[in-house]
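Each chain, letter by letter, is given below.
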Amino acid sequence: QVQLVESGGGLVQAGGSLRLSCAASGRTFRTYPMGWFRQAPGKEREFVATISASGGSTYYRDSVKGRFTISRDNAKNTVYLQMNSLKPEDTAVYYCAAKKTLGWSSRLNEYDYWGQGTQVTVSS
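Here the structure is a predicted model, which is why all the values come from computation and not from measurement.

**Digging into the packing of aromatic side chains**
Part 1 of the argument: Enumeration over the complete set of coordinates arrives at eight aromatic pairs.
Part 2 of the argument: Ring centres of Y32 and Y113 lie 6.3 Å apart, and the angle between their planes is 35 degrees; on these two criteria the pair is classed as tilted. Of the two residues, Y32 is situated in the loop between β3 (18–24) and β4 (34–39) and Y113 in strand β10 (residues 113–114); the sequence distance between them amounts to 81 residues.
Part 3 of the argument: Residue Y32 is classed as buried on the basis of its relative accessible area of 9%.
Part 4 of the argument: According to the relative accessible area criterion, Y113 is buried, its value standing at 11%.
Part 5 of the argument: Grouping aromatic residues by their ring pairs yields a cluster made of F37, F47, Y59, Y95, W104, Y111 and W114.
Part 6 of the argument: Here the basic side chain of R45 rests over the ring of W114, its NZ or CZ set 5.1 Å away from the ring centre.
Part 7 of the argument: Between the NZ or CZ atom of R72 and the centre of the ring of F29, over which it lies, the distance is 4.5 Å.

**Details of the nonpolar core**
As a rule of thumb, soluble globular proteins bury nonpolar side chains together.
Part 1 of the argument: Grouped together as the largest cluster of nonpolar side chains are 30 residues, with contacts concentrated most on L4, M34, W36, L81, M83 and Y94.
Part 2 of the argument: When residues of this core are traced back to their parent elements, those giving at least two are β3, β4, β5 (46–51), β7 (68–73), β8 (78–83), β9 (92–98) and β11 (118–123).

**Points about the sheet that holds β7**
Part 1 of the argument: Taken in spatial order, the four strands make up an open sheet running β1-β3-β8-β7, and their pairing is antiparallel. In the strand order of this sheet, the two ends are held by β1 (4–7) and β7, each with one partner. Looking at each pair of strands side by side, their axes are set apart by 15 degrees on average, direction ignored.
Part 2 of the argument: Bridge analysis of β3 against β8 gives six bridges, and the strand direction is antiparallel. Looking at the pairing, L20 lines up with L81 of β8.

**Details of the state of the cysteines**
Part 1 of the argument: Inspection of the entire model under this criterion finds one disulfide.
Part 2 of the argument: Covalently, C22 is tied to C96 through a disulfide, its sulfur atoms 2.1 Å apart. Because the sign of the S-S torsion sets the handedness, a value of about -80 degrees for the bond joining C22 and C96 places this disulfide among the left-handed ones. Of this pair, C22 sits in strand β3 while C96 sits in strand β9; the two residues are 74 residues apart in sequence, bridging distant segments of the chain. Of the two residues, C22 and C96, neither departs from the other in class, the shared state being buried.

**Regarding the environment of A75**
Part 1 of the argument: With respect to the helices and strands, the residue A75 is situated in the loop between β7 and β8.
Part 2 of the argument: The exposure class assigned to A75 is exposed, which follows from its relative accessible area of 72%.
Part 3 of the argument: Once the C-alpha coordinates of A75 and R30 are considered, the two residues, 45 residues apart in sequence, prove to be 8.3 Å apart.

**Focus on the side chain of K99**
Part 1 of the argument: Relative to the helices and strands, K99 is located in the loop between β9 and β10.
Part 2 of the argument: Setting aside residues no more than four positions away along its own chain, K99 makes contact with Y32, P33, S105, E110, Y111 and D112.

Procedures and definitions
Residues numbered from 1 in each chain as written. Predicted model: local features only at pLDDT ≥ 70, side-chain atom pairs only at ≥ 80, totals over all residues. Heavy atoms only, no water. Phe/Tyr/Trp six-rings, centres within 6.5 Å; stacked < 30°, edge-to-face > 60°. Helix = DSSP H or I, 4+ residues; strand = E, 2+ residues; numbered from the N terminus. Buried < 20%, exposed > 50% of the residue type's maximum accessible area, 1.4 Å probe, protein only. Lys NZ or Arg CZ within 6 Å of the ring centre and 35° of its normal. Core = buried A, V, L, I, M, F, W, Y, C linked by side-chain atoms within 4.5 Å. Pairing = 2+ DSSP bridges. Axes fitted to C-alpha atoms, helices over the stretch in contact; angles between N-to-C directions. Disulfide = S-S within 2.5 Å. Contact = heavy atoms within 4.5 Å.

Here it is, written out as structure tokens:
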């Protein structure tokens with residue numbers, strides 16, 4: 001079992017920025033594609049960003065392209081989500097997830113391990 005511990009969430013004004021961190025346990029972290037998902041009240045959990053195991057490939061949902069950046073430091077067993085130019089529509093609980101199998105994915109049901117979620121609130 002992989003343990004994922006998130007930090008960096010909080011309250012921020014529109015136009016501001018936050019950086020989320022997700023620290024993972026285990027020796028196999030560097031083999032896992034990683035993803036960020038979010039869930040707003042009354043809505044389904046949705047894909048935000050994913051990164052390949054090596055960090056060489058990334059993919060984002062359209063609404064965050066140009067504003068969010070996913071990255072990872074395999075030496076630290078950590079994945080990051082840098083969020084700039086935040087909008088009220090970004091308000092949600094953000095989840096870090098790890099995928100055991102090869103290949104990144106935007107489908108939440110293909111991820112095997114999940115963090116507890118961290119709240120991001122953007123005020124207007």
